[in-house]
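Fold and geometry: a report
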Amino acid sequence: MSIVITGNPGVGKHTVVKEISKYLKLPISDINSIARDAGLFEKNEDTNDVDISKLEKIIKEKISNPSLIVGHLAPYVLSSVKVKIVIVLRRNPYDLITVYKKREYTEEKTRENTGSEILGIIAHDAINQFGTNVFQVDVTGKSISEVTEKVLNIINGRGVNEEVDWLDLVTKQNDLKKFFAY
Ligand SMILES: Nc1ncnc2c1ncn2[C@@H]1O[C@H](COP(=O)(O)OP(=O)(O)O)[C@@H](O)[C@H]1O
Ligand SMILES: [Mg+2]
(Lines give C-alpha, C1' and ligand atoms only; values in the text may rest on other atoms or scores of the structure.)
(Ligands and ions follow the chains in the order given, each with its own letter.)
Protein backbone atom coordinates (compact mmCIF):
# COMPACT_ATOMS: atom_id res chain seq x y z
CA MET A 1 0.00 0.00 0.00
CA SER A 2 1.27 3.42 -0.92
CA ILE A 3 1.48 6.64 1.08
CA VAL A 4 0.51 9.83 -0.74
CA ILE A 5 1.67 13.37 0.01
CA THR A 6 -0.26 16.03 -1.84
CA GLY A 7 -1.30 19.69 -1.60
CA ASN A 8 -0.96 22.81 -3.68
CA PRO A 9 2.35 23.89 -5.19
CA GLY A 10 4.59 25.48 -2.56
CA VAL A 11 3.15 23.87 0.56
CA GLY A 12 6.33 21.86 1.13
CA LYS A 13 5.55 18.44 -0.36
CA HIS A 14 8.96 17.71 -1.83
CA THR A 15 10.78 19.00 1.26
CA VAL A 16 8.72 16.76 3.54
CA VAL A 17 8.88 13.72 1.30
CA LYS A 18 12.66 13.90 1.29
CA GLU A 19 12.64 13.93 5.10
CA ILE A 20 10.11 11.16 5.67
CA SER A 21 11.73 8.92 3.06
CA LYS A 22 14.66 8.63 5.50
CA TYR A 23 12.33 6.80 7.90
CA LEU A 24 10.30 4.67 5.50
CA LYS A 25 11.44 1.80 3.33
CA LEU A 26 9.48 3.00 0.34
CA PRO A 27 10.75 4.33 -2.98
CA ILE A 28 9.60 7.84 -3.94
CA SER A 29 7.27 8.15 -6.93
CA ASP A 30 7.09 11.74 -8.08
CA ILE A 31 4.00 12.37 -10.18
CA ASN A 32 5.55 15.50 -11.70
CA SER A 33 8.67 13.60 -12.77
CA ILE A 34 6.57 10.84 -14.30
CA ALA A 35 4.50 13.39 -16.21
CA ARG A 36 7.59 15.31 -17.28
CA ASP A 37 9.39 12.19 -18.50
CA ALA A 38 6.30 11.26 -20.50
CA GLY A 39 6.30 14.71 -22.10
CA LEU A 40 2.92 15.62 -20.65
CA PHE A 41 3.83 19.08 -19.36
CA GLU A 42 3.86 21.63 -22.12
CA LYS A 43 5.52 24.42 -20.21
CA ASN A 44 6.10 23.99 -16.53
CA GLU A 45 5.15 21.58 -13.81
CA ASP A 46 3.12 23.40 -11.20
CA THR A 47 0.06 23.32 -13.36
CA ASN A 48 -3.17 21.41 -13.76
CA ASP A 49 -2.83 21.77 -17.49
CA VAL A 50 -2.02 18.13 -18.17
CA ASP A 51 -3.80 15.25 -19.89
CA ILE A 52 -5.14 13.51 -16.78
CA SER A 53 -6.32 10.32 -18.48
CA LYS A 54 -2.96 9.83 -20.23
CA LEU A 55 -1.11 10.44 -16.97
CA GLU A 56 -3.40 8.04 -15.14
CA LYS A 57 -2.53 5.28 -17.63
CA ILE A 58 1.20 5.93 -17.40
CA ILE A 59 1.04 5.90 -13.61
CA LYS A 60 -0.74 2.56 -13.69
CA GLU A 61 2.33 1.13 -15.43
CA LYS A 62 4.97 3.04 -13.48
CA ILE A 63 3.68 2.73 -9.91
CA SER A 64 3.11 -0.99 -9.53
CA ASN A 65 4.78 -1.40 -6.14
CA PRO A 66 4.03 0.35 -2.85
CA SER A 67 5.70 3.72 -2.77
CA LEU A 68 5.78 7.18 -1.32
CA ILE A 69 3.86 9.13 -3.93
CA VAL A 70 4.17 12.90 -4.15
CA GLY A 71 2.38 15.46 -6.29
CA HIS A 72 -0.39 18.04 -6.46
CA LEU A 73 -2.17 15.95 -9.09
CA ALA A 74 -2.48 12.92 -6.77
CA PRO A 75 -6.29 13.12 -6.26
CA TYR A 76 -6.83 12.91 -10.03
CA VAL A 77 -4.47 10.21 -11.30
CA LEU A 78 -4.20 7.43 -8.71
CA SER A 79 -7.39 5.44 -9.24
CA SER A 80 -5.36 2.31 -10.05
CA VAL A 81 -3.04 2.59 -7.05
CA LYS A 82 -3.65 0.95 -3.68
CA VAL A 83 -3.44 3.81 -1.23
CA LYS A 84 -3.13 3.43 2.53
CA ILE A 85 -2.99 7.04 3.68
CA VAL A 86 -3.18 10.41 1.97
CA ILE A 87 -1.67 13.48 3.61
CA VAL A 88 -2.69 16.88 2.31
CA LEU A 89 -0.29 19.62 3.36
CA ARG A 90 -2.01 22.97 3.88
CA ARG A 91 -0.29 26.33 4.07
CA ASN A 92 -1.49 29.84 4.78
CA PRO A 93 -2.15 31.56 1.40
CA TYR A 94 -0.21 34.65 2.49
CA ASP A 95 2.89 32.46 2.93
CA LEU A 96 2.25 30.83 -0.43
CA ILE A 97 2.39 34.24 -2.12
CA THR A 98 5.97 34.59 -0.83
CA VAL A 99 6.91 31.18 -2.25
CA TYR A 100 5.29 32.00 -5.60
CA LYS A 101 7.13 35.34 -5.80
CA LYS A 102 10.42 33.46 -5.42
CA ARG A 103 9.30 31.06 -8.15
CA GLU A 104 8.36 34.01 -10.33
CA TYR A 105 4.83 32.78 -10.93
CA THR A 106 2.65 35.12 -12.94
CA GLU A 107 -0.10 36.96 -11.14
CA GLU A 108 -2.65 34.65 -12.78
CA LYS A 109 -0.87 31.52 -11.68
CA THR A 110 -0.44 32.86 -8.17
CA ARG A 111 -4.16 33.61 -7.90
CA GLU A 112 -5.07 30.22 -9.33
CA ASN A 113 -2.99 28.42 -6.73
CA THR A 114 -3.76 30.61 -3.70
CA GLY A 115 -7.45 30.42 -4.67
CA SER A 116 -7.21 26.64 -4.78
CA GLU A 117 -5.58 26.61 -1.34
CA ILE A 118 -8.14 28.98 0.19
CA LEU A 119 -11.03 26.88 -1.07
CA GLY A 120 -9.30 23.64 -0.10
CA ILE A 121 -9.82 22.11 -3.53
CA ILE A 122 -7.11 19.46 -3.32
CA ALA A 123 -8.22 18.41 0.17
CA HIS A 124 -11.83 18.23 -1.01
CA ASP A 125 -10.93 16.23 -4.12
CA ALA A 126 -8.67 13.91 -2.11
CA ILE A 127 -11.48 13.17 0.35
CA ASN A 128 -13.80 12.48 -2.58
CA GLN A 129 -11.29 10.11 -4.13
CA PHE A 130 -9.77 8.42 -1.07
CA GLY A 131 -12.39 8.87 1.66
CA THR A 132 -11.53 8.56 5.32
CA ASN A 133 -7.84 7.87 4.83
CA VAL A 134 -7.18 11.54 4.14
CA PHE A 135 -5.42 13.69 6.75
CA GLN A 136 -4.74 17.39 6.49
CA VAL A 137 -1.68 18.93 8.13
CA ASP A 138 -1.34 22.70 8.53
CA VAL A 139 2.36 23.41 8.01
CA THR A 140 2.05 27.16 8.57
CA GLY A 141 4.76 28.38 10.94
CA LYS A 142 6.00 24.86 11.62
CA SER A 143 9.59 23.78 11.14
CA ILE A 144 10.42 21.06 8.68
CA SER A 145 11.17 18.67 11.53
CA GLU A 146 7.81 19.43 13.20
CA VAL A 147 5.99 18.75 9.95
CA THR A 148 8.00 15.57 9.44
CA GLU A 149 7.04 14.33 12.90
CA LYS A 150 3.36 15.04 12.33
CA VAL A 151 3.39 13.25 9.00
CA LEU A 152 5.22 10.22 10.45
CA ASN A 153 2.66 10.07 13.29
CA ILE A 154 -0.17 9.98 10.79
CA ILE A 155 1.54 7.23 8.79
CA ASN A 156 1.98 5.27 12.03
CA GLY A 157 -1.71 5.57 12.83
CA ARG A 158 -1.35 8.14 15.59
CA GLY A 159 -2.22 11.24 13.63
CA VAL A 160 -5.09 13.66 13.66
CA ASN A 161 -6.77 15.48 10.82
CA GLU A 162 -6.42 19.25 11.16
CA GLU A 163 -9.34 21.35 10.02
CA VAL A 164 -8.17 24.28 7.95
CA ASP A 165 -10.29 27.30 7.03
CA TRP A 166 -8.38 29.94 5.09
CA LEU A 167 -11.61 31.36 3.71
CA ASP A 168 -12.56 32.48 7.20
CA LEU A 169 -9.09 33.98 7.74
CA VAL A 170 -9.05 35.81 4.41
CA THR A 171 -12.59 37.14 4.90
CA LYS A 172 -11.71 38.45 8.36
CA GLN A 173 -8.62 40.15 6.92
CA ASN A 174 -10.88 41.77 4.31
CA ASP A 175 -8.73 40.24 1.59
CA LEU A 176 -11.22 38.35 -0.58
CA LYS A 177 -10.63 40.84 -3.40
CA LYS A 178 -6.88 40.33 -3.13
CA PHE A 179 -7.28 36.64 -3.90
CA PHE A 180 -10.40 36.45 -6.05
CA ALA A 181 -11.53 38.59 -8.96
CA TYR A 182 -15.22 39.34 -8.50
N1 LIG B 1 8.01 23.66 7.09
C2 LIG B 1 8.51 24.61 6.31
N3 LIG B 1 8.74 25.84 6.81
C4 LIG B 1 9.25 26.82 6.05
N5 LIG B 1 9.55 26.69 4.74
C6 LIG B 1 9.35 25.49 4.18
C7 LIG B 1 8.82 24.40 4.92
N8 LIG B 1 8.72 23.33 4.08
C9 LIG B 1 9.15 23.76 2.88
N10 LIG B 1 9.56 25.04 2.93
C11 LIG B 1 10.05 25.87 1.81
O12 LIG B 1 8.90 26.21 1.02
C13 LIG B 1 9.21 26.17 -0.37
C14 LIG B 1 8.32 25.18 -1.10
O15 LIG B 1 8.65 23.86 -0.67
P16 LIG B 1 8.57 22.61 -1.66
O17 LIG B 1 8.97 21.41 -0.87
O18 LIG B 1 9.30 22.90 -2.93
O19 LIG B 1 6.99 22.61 -1.95
P20 LIG B 1 6.16 21.75 -3.01
O21 LIG B 1 6.95 20.52 -3.34
O22 LIG B 1 4.88 21.46 -2.29
O23 LIG B 1 5.94 22.66 -4.18
C24 LIG B 1 10.68 25.84 -0.45
O25 LIG B 1 11.39 27.05 -0.54
C26 LIG B 1 10.97 25.14 0.87
O27 LIG B 1 12.31 25.30 1.25
MG1 LIG C 1 7.37 20.46 -5.42
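Anything mentioned here points back to the structure above.
Keep in mind the model is a prediction, meaning the values are calculated, not measured.

1. So, the site of ligand 1
Taken together, 14 residues are adjacent to ligand 1, and G10, K13, H14, T15 and K142 come closest. For ligand 1, an oxygen atom lies 2.5 Å from a polar atom in the side chain of T15. Contact distances for ligand 1 include 3.1 Å between an oxygen atom and a side-chain N or O atom of R91. Here ligand 1 has 560 Å² of accessible area as a free molecule, and 70% of this is covered by the chains.

2. Structural notes on the layout of surface pockets
Put simply, the largest pocket is a space of about 340 Å³. Contributing to the lining of the largest pocket are 21 residues, with G10, V11, G12, K13 and T15 lying nearest its centre. Listing elements by their share of the lining of the largest pocket, those giving two or more residues are α1 (13-20) and α8 (144-155). Sort the elements by how many residues they give to the lining of the largest pocket and α1 lands first, with 4 residues. The residue inventory of the lining of the largest pocket, partitioned by class, reads 6 nonpolar, 9 polar and 6 charged.

3. What about the packing of helix α5 (residues 93-102) against helix α6 (residues 107-119)?
For any two helices packed against each other, the geometry comes down to the angle between their axes and how far apart the axes lie. Running from N to C, α5 and α6 cross one another at 155°; their axes reach a closest spacing of 10 Å. One finds that α5 runs roughly antiparallel with respect to α6. Relative to α6, α5 is oriented so that their crossing is right-handed. Across the interface between the two elements, P93, L96, I97 and Y100 from α5 touch T110, N113, T114, E117 and I118 from α6.

4. Topic: the pairing of strand β4 (residues 83-90)
Where burial is concerned, most of β4 is hidden: 7 out of the 8 residues are buried. Both strand β1 (residues 2-6) and β4 contribute to a ladder of 5 bridges, which runs parallel. Each residue of the ladder has a partner; that of V4, found in β4, is V86. For β4 and strand β5 (residues 134-138), the ladder comprises 5 bridges, and the chain directions are parallel. Residue pairing across strands places V88 opposite Q136, the latter belonging to β5.

5. Some points on a nonpolar patch on the surface
On the surface, L119, I121 and L167 cluster together into a nonpolar patch covering about 230 Å² of accessible area. Tracing the backbone through its elements, the reader meets L119 in helix α6.

6. Examining the nonpolar core
By size, the foremost hydrophobic cluster in this structure holds 25 residues, and its most contacted members are I31, L55, I59, L78 and V86. For this core, the secondary-structure elements that each account for two or more residues are α2 (31-37), α3 (52-62), α4 (74-77), β4 and α7 (121-130). Top contributing element to this core by residue count: α7, with 4 residues. Residues in contact with V86, not counting those within four places in the same chain, are V4, T6, A126, F130, N133, V134 and F135.

7. Here we look at the pairing of β1
Regular strands place side chains that alternate from one sheet face to the opposite one. Burial analysis of β1 places 5 of its 5 residues in the buried class, which makes it a mostly covered element. By the alternation rule, side chains of β1 split into S2, V4 and T6 and I3 and I5, which are all buried. Direction of pairing for β1 relative to strand β3 (residues 68-70): parallel, over a ladder of 3 bridges. Directly across from I3, in β3, lies its bridge partner L68.

8. Some details on the environment of E112
In this fold, E112 is placed in helix α6. Exposure remark for E112: the relative accessible area of 41% places this residue in the partly exposed category. Sequence-wise, E112 and F179 are 67 residues apart; in three dimensions their C-alpha atoms are separated by 8.7 Å.

Rules behind the numbers
Residues numbered from 1 in each chain as written. Chains lettered and ligands numbered in written order. Predicted model: local features only at pLDDT ≥ 70, side-chain atom pairs only at ≥ 80, totals over all residues. Heavy atoms only, no water. Near = heavy atom within 4 Å. Polar contact = N/O pair within 3.5 Å; in protein donor to acceptor, adjacent residues only side chain to side chain. Areas by Shrake-Rupley, 256 points an atom, 1.4 Å probe, with all protein chains shown as cover. 1 Å grid on protein atoms, 1.4 Å probe; cavity = no way out; pocket = protein on both sides within 12 Å on 5 of 7 lines; lining within 4 Å. Points joined across faces, edges and corners; volume = space filled by probe spheres on them. Helix = DSSP H or I, 4+ residues; strand = E, 2+ residues; numbered from the N terminus. Nonpolar A, V, L, I, M, F, W, Y, C, P; charged D, E, K, R; others polar. Axes fitted to C-alpha atoms, helices over the stretch in contact; angles between N-to-C directions. Parallel < 35°, antiparallel > 145°, perpendicular 65-115°, else oblique. Left-handed = near helix turned anticlockwise from the far one by under 90°. Contact = heavy atoms within 4.5 Å. Buried < 20%, exposed > 50% of the residue type's maximum accessible area, 1.4 Å probe, protein only. Pairing = 2+ DSSP bridges. Patch = residues over 30% accessible without salt bridge, like charges linked within 9 Å, V, L, I, M, F, W, Y side chains within 5 Å. Salt bridge = Lys/Arg side-chain N within 4 Å of Asp/Glu carboxyl O. Core = buried A, V, L, I, M, F, W, Y, C linked by side-chain atoms within 4.5 Å.

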